[in-house]
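Observations on chain architecture
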Amino acid sequence: MARRKQQARTQDEVVERPPWLIPVLVASGVVVFAAIFLWYYVGPTTEEILGTAPESTDRLQDVHVSIGDVQLAVPANFTRFAAARDGGALERIDLHALLPELDPFTERKRDQFDRSDSESPVLHMRIEETTAVLAAQPRLELVYLPAVSNRAGEPGPFGLRHYIFRNETGFSGQDMYVGAGPAGAPAVLLCAREEPLLWCRREILLSENVVLRYRYKRAFLQDWKEIDNQTLALIAL
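Residues numbered from 1 in each chain as written. Predicted model: local features only at pLDDT ≥ 70, side-chain atom pairs only at ≥ 80, totals over all residues. Heavy atoms only, no water.

Quick look at a negative patch on the surface now. Residues D69, E91, E129 and E208 make up a contiguous surface patch of negative charge. Tracing the backbone shows E91 in the loop between β3 (88-89) and β4 (92-98). (Patch = residues over 30% accessible without salt bridge, like charges linked within 9 Å, V, L, I, M, F, W, Y side chains within 5 Å. Areas by Shrake-Rupley, 256 points an atom, 1.4 Å probe, with all protein chains shown as cover. Salt bridge = Lys/Arg side-chain N within 4 Å of Asp/Glu carboxyl O. Lys, Arg positive; Asp, Glu negative; His and termini not counted. Charge placed at Lys NZ, Arg CZ, Asp CG, Glu CD. Helix = DSSP H or I, 4+ residues; strand = E, 2+ residues; numbered from the N terminus.)

Put into structure tokens, the structure is as follows:
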């Protein structure tokens, strides 16, 4: 009986809490919610934290990287992503520069690097490992020429030969221009005809498993030879 009375008294007892506890809990919840809200809307993204979002720099130090069997030393102000600036072994590296002189990034030229219009002077470059790219000559003969409507080509601008892709191919909407590239290999450029793209792009096999891909706006096609030479000089190949 005594035990039952003790249990009843225990159940009837009112547990008193400090008067400040509930306001503190509410305030803490508001702070946590506000922090989450601010992080979501103005905090760094996952890509920014990992260094995989575009983030230009005006640092001048060389970045030493190896991609497959290719060794590179590239000034940091040509790199697009912070993660690549640690150097070492990478699967790929993305670079950018301003045409026509391949000027590197500076804060003063940020507006030019941010342009994407048809007259944008930005040259985008990517060097990466690959197992699916042929050298220029077999790629031209086995992939591109079977897809054109004028296999013999026709005289084009700027010392290039012009080819037109058939509409039913995967290259429709593009023109192909072919010139003389390094070491006698053909320089093959695929150029979009319509806005908003208007990119001209080119691939150069640097080794058996490493490829350089670069692109620029068609407005700079007249400088294709200089762009080719300057791009290869930039990566010291």
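All right, on to the pattern of salt bridges then. Scanning the model with the defined rule gives twelve salt bridges in all. Notably, a salt bridge pairs R115 with D117, separated by 2.8 Å at the nearest N-O pair. The exposure class of R115 is partly exposed, given its relative accessible area of 29%. For D117, a relative accessible area of 32% gives the class partly exposed. Of the charged contacts, one joins R202 and D228 as a salt bridge, the two residues approaching to 2.7 Å between their closest N and O atoms. One end of the pair, R202, is in strand β10 (residues 199-207); the other, D228, is in helix α6 (residues 224-234), with 26 residues separating them in the sequence. You'll find R202 and D228 in the same group, each marked buried. Each of E128, R139, E203 and R213 takes part in one network of salt bridges that share partners. (Buried < 20%, exposed > 50% of the residue type's maximum accessible area, 1.4 Å probe, protein only.)

We now examine the layout of surface pockets. There is about 260 Å³ of room inside the largest pocket. Taken together, 17 residues line the largest pocket, and the ones lying closest to its centre are R126, R201, R213, Y214 and R215. Every element with two or more residues in the lining of the largest pocket is listed here: β4, β5 (122-129), α5 (136-144), β9 (186-192), β10 and β11 (210-217). With four residues, β5 is the largest single contributor of residues to the lining of the largest pocket. (1 Å grid on protein atoms, 1.4 Å probe; cavity = no way out; pocket = protein on both sides within 12 Å on 5 of 7 lines; lining within 4 Å. Points joined across faces, edges and corners; volume = space filled by probe spheres on them.)

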